[in-house]
Amino acid sequence: LVDNKLIKNSLLKLFPSEIRKRTDNISTIIGKKLGGYVVAQTLVSGSVWVIMTIGLMLFHIDYAVILGLIAGVLSIIPMVGSFISFVICIVATYIAGLKAMIIVTILFAFSHFVENHVVRPYVYSKFLDIHPMIVFLALLVGAKYAGVMGIIFAPPIAMALCILINELHIKKMD
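A quick note: this is a predicted structure, and the numbers were derived from the prediction, not measured. (Residues numbered from 1 in each chain as written. Predicted model: local features only at pLDDT ≥ 70, side-chain atom pairs only at ≥ 80, totals over all residues. Heavy atoms only, no water.)

1. Looking at the overall build of the protein
Each helix and strand counted, the protein has six helices and zero strands in total. Its C-alpha atoms give the protein a radius of gyration of 20 Å, more than 25% over the compact-globule value 16 Å for 174 residues. Taking the principal axes of its C-alpha atoms as reference, the protein extends roughly 70 × 35 × 25 Å. Considering the protein as a whole, with its 174 residues, one finds that 36% of them fall into the buried category. For the protein, restricting intrachain contacts to residue pairs at least 6 apart in sequence, the fraction spanning at least 24 positions comes to 58%. When the accessible surface of the protein is split by element, carbon and sulfur atoms take 75% of a total near 11,100 Å². (Helix = DSSP H or I, 4+ residues; strand = E, 2+ residues; numbered from the N terminus. Rg over C-alpha atoms; globule rule 2.2 N^0.38 Å. Buried < 20%, exposed > 50% of the residue type's maximum accessible area, 1.4 Å probe, protein only. Contact = heavy atoms within 4.5 Å. Areas by Shrake-Rupley, 256 points an atom, 1.4 Å probe, with all protein chains shown as cover.)

Below, the structure written as structure tokens:
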């Protein structure tokens, strides 16, 4: 981060002089949107944390805040993180009995349904400034061809492609 300008200027020298300014503008736009992706991912994880914590507290499950935090943090890793946090929560509530384990299961299903079908597409579309359907399709394609890593990187790649298409093709037509 300290040498950001030096690195950026060095990379811009690789481009022909007549397109350097445009390349710099496009890279600045993509950089700002990638920052938005980090914020969006934080908000999505926070939503899981809040839903799980409130739900666990409502049903008087011990360690509600810690279990909710574990669920939120691990939700950054799609599918695998959710499964790991689910197992941790089930093991932690085993002592409380079957009723607590059923409550945790229902809360996990609910929080991840809300995360994947409401919060993630909406928040990503707002922070990445792309349509939620593009985010949804990018997640599907990323999952199909690159698994977990594809899901993690699909939204920023889709955002970068949308910016490149917009800047290089659509604005050229105007």
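From this point on, the discussion continues.
2. Comments concerning the packing of aromatic side chains
Scanning all chains against the criterion turns up one aromatic pair. Arranged with centres 5.3 Å apart and planes meeting at 80°, the rings of Phe86 and Phe108 form a pair that is edge-to-face. One end of the pair, Phe86, is in helix H4 (residues 80-93); the other, Phe108, is in helix H5 (residues 98-128), with 22 residues separating them in the sequence. On the accessibility criterion, Phe108 (6% relative accessible area) is buried. Here the basic side chain of Lys144 rests over the ring of Tyr145, its NZ or CZ set 5.9 Å away from the ring centre. (Phe/Tyr/Trp six-rings, centres within 6.5 Å; stacked < 30°, edge-to-face > 60°. Lys NZ or Arg CZ within 6 Å of the ring centre and 35° of its normal.)

3. Quick word on the environment of Ile90
Assignment of secondary structure puts Ile90 in helix H4. Ile90 sits 10 residues away from Ala100 along the chain, and the two C-alpha atoms are 8.4 Å apart. The contacts of Ile90, once residues within four sequence positions are left out, are Met101, Val104 and Thr105.

4. A word on the environment of Phe136
As for its position among the elements, Phe136 is in helix H6 (residues 132-173). By relative accessible area, Phe136 is classed as partly exposed at 36%.

5. Observations concerning a nonpolar patch on the surface
Nonpolar side chains collect at one region of the surface, where Trp49, Val50, Ile54, Met57, Leu58, Phe59, Val65, Leu69 and Val73 lie side by side and expose about 840 Å² of accessible area between them. Of all the secondary structure elements, the ones that give two or more residues to the nonpolar patch are helix H2 (20-58) and helix H3 (64-74). The leading source of residues in the nonpolar patch is H2, at five residues. Looking at the element boundaries, Leu69 is found in helix H3. The exposure class assigned to Leu69 is partly exposed, which follows from its relative accessible area of 43%. (Patch = residues over 30% accessible without salt bridge, like charges linked within 9 Å, V, L, I, M, F, W, Y side chains within 5 Å. Salt bridge = Lys/Arg side-chain N within 4 Å of Asp/Glu carboxyl O.)

6. Brief notes about the packing of H4 against H5
Viewed as axis vectors pointing N to C, H4 and H5 meet at an angle of 160°, and their least axial separation amounts to 9 Å. With respect to H5, the axis of H4 lies roughly antiparallel. Our pair here, H4 against H5, has a crossing hand that is right-handed. Each of Ser82, Ser85, Phe86, Cys89, Ile90 and Thr93 in H4 lies in contact with H5, whose residues at this interface are Ala100, Met101, Val104, Thr105, Phe108 and His112. Within the contact of H4 with H5, the residues separate by chemical class into seven nonpolar, five polar and no charged. (Axes fitted to C-alpha atoms, helices over the stretch in contact; angles between N-to-C directions. Parallel < 35°, antiparallel > 145°, perpendicular 65-115°, else oblique. Left-handed = near helix turned anticlockwise from the far one by under 90°. Nonpolar A, V, L, I, M, F, W, Y, C, P; charged D, E, K, R; others polar.)

7. Concerning the pattern of salt bridges
As enumerated under the stated definition, the model contains two salt bridges in all. Among the salt bridges present, the one from Asp24 reaches Lys8, with a minimum N-O distance of 2.9 Å. Taken together, the positions of Asp24 in helix H2 and Lys8 in helix H1 (residues 4-12) put the pair 16 residues apart, joining distant regions of the chain. For Arg120, the salt bridge is made with Glu115, and the minimal N-O distance between the two is 2.3 Å.

8. Concerning H3
Among all positions of H3, only Ala64, Leu67, Gly68, Ala71 and Gly72 are buried. Angularly, the buried residues of H3 cover 135° about the axis, an arc narrow enough to put them on a single face. Turning to H3, the residues buried within the fold contact H2, H4 and H5. (Arc of directions from axis to C-beta.)

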